[in-house]
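Examination of the molecular architecture
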Amino acid sequence: MLHWERSIMTVQDRLIRIEKSLSLSGWISPGDVRFLLDAVSDLRENISPGQLLLPSPISMETPETFSIPLAGWLIPSESNEADETSWQVNQSVERIYQALDGGEFHLYYQPKVNMRRGEVIGLEALIRWKHPEFGLIPPLSFLPQVEESSLIIDIGEWVLDTALSQIDRWQKMGQMIPVSINLSVNHLTHRAFLIRLKDALSRYPQLPPHLIDIEIVESVAIGDLKAMSQLMLECQEMGVTFSIDDFGTGYSSLRYLKRLPSNTLKIDQSFVLGLLHDSGDMELIKAVIALAQVFHRSVIAEGVESPEAGVVLMWLGCDLAQGFCISRALPGEDVRDWVRSYKPDPSWALWSGVKFDLSDVPLLLAQYDHSVWVSRIIDQIQNSQSGFFEDEMGDHVVCRFGRWYSEDGVNKYGDFEGFSEIGKLHQEMHVIAEEALCFLNSGNWDEAMVFGEKLVGLKEALFSKLANVLTAIRLSHV
């Protein structure tokens, strides 16, 4: 539990923040806030920290009918149980206040790239809490606790200023790179937000405002469509851009998209993660890309975790991406070196100058599926997990790759040189896989490992042949 005097000082710090915030916005005069500060100074020792931090039903109405909850530090609870529960909750919030004041928050930056061009196009700033006891804590573990409090605005102000400071440092070192920041709806709808944004930008006069992009989730963007549209326009007049995050998960419609002057749509990662397995996710992504093109918006996919997913996205018309396949979020000091050394995946470079044909997508999906199939078998062998067997193991025409090869593959690519060799290699892979798992299930791990290594070698040979076919396809499209 916090020391008594420390609790009082923390409350005073909070009121100072409120004084600065509300005075700036015109909600309350400095004298009114000072009255509360004086009241805190006169607290008697028989009031517990739990009672000090309890919320109050008291609110203050302004002529504009804004309702602003004021923390009722002097209101005692009606039961010991309620008092204890409220103290536990507020202690957590109090700890987050301390983390902000104590410099325990840090921004990490996840790169965004243009897969077709092989260029880094920006970064997304992601907050992390470096807790002295629990290590690096992700935002969803602490931000929801303060979402409805004024602290979320303080955190948003810190994120904005920290991002601007970092961009300014990169710019002075010769690196101009845009950064996206995530701000809460309570922060964005705060009536002083535009004033504070202008003030923050004015502290970095050499920094082009277009290097800042504000990300808001789709459901927030359409919550008050008129107000959010106006806010976007006023920010864009300053040069700041907007992206709609998690697009496709809310209430997407042509009407909403037409009225929201966003610059970019971000395809939600839940759809991107299912892209190679779920035809419904692919169709949804195609629809989002088509909407973006109609309304002249950029579109970026988040959650790209494999090169194959990136290629499919390129084929569908989405060249911009971020995800673990590209890079995890990096500390600010590591970004410049990463950007300088970045090289796109070779498969993306292979298709960078090609006019894509969506009819080729099943080939890539079949290749990816077969790669996953081999990886699962190798994992079983390496972990000595017996008892694993599938009907498709011994039947090379049952698996997804086999079905593609004998149907669409033959019809579309059967005339390409080397295609028949792919079929022979694929059939041999199934035989070797069945042998490997038979040895594993009988407890002969050494023999299973030998056949597992053969399986990997055959996979590499098959994909080498497939690459030749892909090259021939590429040349035929030029």
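Keep in mind that what you see is a predicted model, and the values were worked out from it rather than measured.

Turning our attention to the nonpolar core. In this structure, Ile-155, Ile-214 and Ile-267 are the most contacted members of the largest nonpolar core, which totals 122 residues. Sorting elements by how many residues they give to this core places helix H16 (residues 361–382) first, with 11 residues. Apart from residues lying up to four places away in sequence, Ile-214 is in contact with Ile-181, Leu-183, Leu-188, Phe-193, Val-240, Thr-241, Phe-242 and Ser-243.

Moving on, we come to the side chain of Asp-319. Following the sequence through the fold, Asp-319 ends up in the loop between helix H13 (307–316) and strand S11 (320–322). On the basis of relative accessible area, Asp-319 is assigned to the buried category, the value being 18%. A polar contact of 2.8 Å, which involves the side chain of Asp-319, links it to the side chain of Arg-116. When residues no more than four places from it in sequence are discounted, the contact partners of Asp-319 are Val-113, Asn-114, Met-115, Arg-116 and Met-314.

Moving on: the environment of Pro-111. Note on placement: Pro-111 falls in strand S3 (residues 105–114). Its relative accessible area of 0% is what places Pro-111 among the buried residues. Once the C-alpha coordinates of Pro-111 and Trp-338 are considered, the two residues, 227 residues apart in sequence, prove to be 9.1 Å apart.

Of all the positions in helix H14 (residues 332–341), only Gly-332, Val-335 and Trp-338 are classed as buried. Angular distribution of buried residues about the axis of H14 spans 90 degrees; they occupy a single face of the element. Away from the buried face of H14 by more than 90 degrees, exposed residues Glu-333 and Arg-340 are located. Buried residues belonging to H14 abut S3, strand S4 (119–131), helix H5 (151–172) and strand S12 (330–331).

Overall, the coordinates contain 13 salt bridges when judged by the stated rule. For Glu-104, the salt bridge is made with Arg-95, and the minimal N-O distance between the two is 3.0 Å. Using a relative accessible area of 16% as the deciding quantity, one classes Glu-104 as buried. The shortest N-O distance in the salt bridge between Glu-215 and Lys-266 comes to 3.1 Å. With Glu-215 in strand S7 (residues 212–217) and Lys-266 in strand S9 (residues 264–267), this residue pair connects regions lying 51 residues apart in the sequence. According to the relative accessible area criterion, Lys-266 is buried, its value standing at 0%. Connected through salt bridges with shared partners, the residues Lys-112, Glu-124, Glu-215, Lys-266 and Glu-302 form a single ionic network.

Mapped onto the fold, Val-410 is located in helix H18 (residues 400–413). Taking the relative accessible area as the measure of exposure, Val-410 reaches 39% and is therefore partly exposed. Between the alpha carbons of Val-410 and Ser-420 there is a distance of 8.9 Å; along the sequence they are 10 residues apart. Once residues lying within four places of it in the same chain are set aside, the contact partners of Val-410 are Trp-404, Tyr-405 and Phe-419.

What follows covers the packing of aromatic side chains. Summed over the entire model, instances satisfying the criterion amount to 13 aromatic pairs. Relative to Phe-419, the ring of Trp-404 has its centre 6.1 Å away and its plane inclined at 65 degrees; by these criteria the two rings are edge-to-face. Of this pair, Trp-404 sits in helix H18 while Phe-419 sits in helix H19 (residues 419–441), placing them 15 residues apart in sequence. Overall, the relative accessible area of 3% leaves Phe-419 in the buried class. Through pairs of rings, three or more aromatic residues link up here, namely Phe-401, Trp-404, Tyr-405, Tyr-413, Phe-416 and Phe-419. A cation over an aromatic ring shows up here: Arg-328 above the ring of Phe-324, its NZ or CZ 3.8 Å from the ring centre.

About the thresholds
Every chain is numbered independently, its residues counted from 1 as its sequence is written. Given that the model is predicted, a residue must reach a pLDDT of at least 70 before its local features are reported, and side-chain atom pairs must reach 80 or more before they are shown or counted; all residues, however, enter totals for whole chains, interfaces and linings. Computation of side-chain values covers all heavy atoms of the structure but excludes hydrogens and water. The criterion is simple. A nonpolar core is a set of buried Ala, Val, Leu, Ile, Met, Phe, Trp, Tyr and Cys residues joined through side-chain atoms within 4.5 Å. Here the term buried applies to any residue with accessible area under 20% of the maximum for its type, exposed to any over 50%, and partly exposed to those in between, with areas from a 1.4 Å probe on protein chains only. Strands are runs of DSSP state E lasting at least 2 residues, helices are runs of H or I lasting at least 4, and numbering of each runs from the N terminus. Note on definitions: a residue-residue contact is assigned when non-hydrogen atoms from the two residues lie within 4.5 Å. In protein, a polar contact means a hydrogen-donor-capable atom and an acceptor-capable atom, both N or O and within 3.5 Å, with residues adjacent in sequence counting only if both atoms are side-chain atoms; elsewhere, any N or O pair within 3.5 Å suffices. The directions from the helix axis to the C-beta atoms form the arc being described. By definition, a salt bridge exists where a carboxyl oxygen of Asp or Glu is found within 4 Å of a side-chain nitrogen of Lys or Arg. Classification of ring pairs uses Phe, Tyr and Trp, with its six-membered ring standing for Trp, and accepts pairs whose centres are within 6.5 Å; under 30 degrees between planes counts as stacked, over 60 as edge-to-face, and the remaining range as tilted. Here, a charge over a ring means that NZ of Lys or CZ of Arg falls within 6 Å of the ring centre while also lying within 35 degrees of the ring normal.

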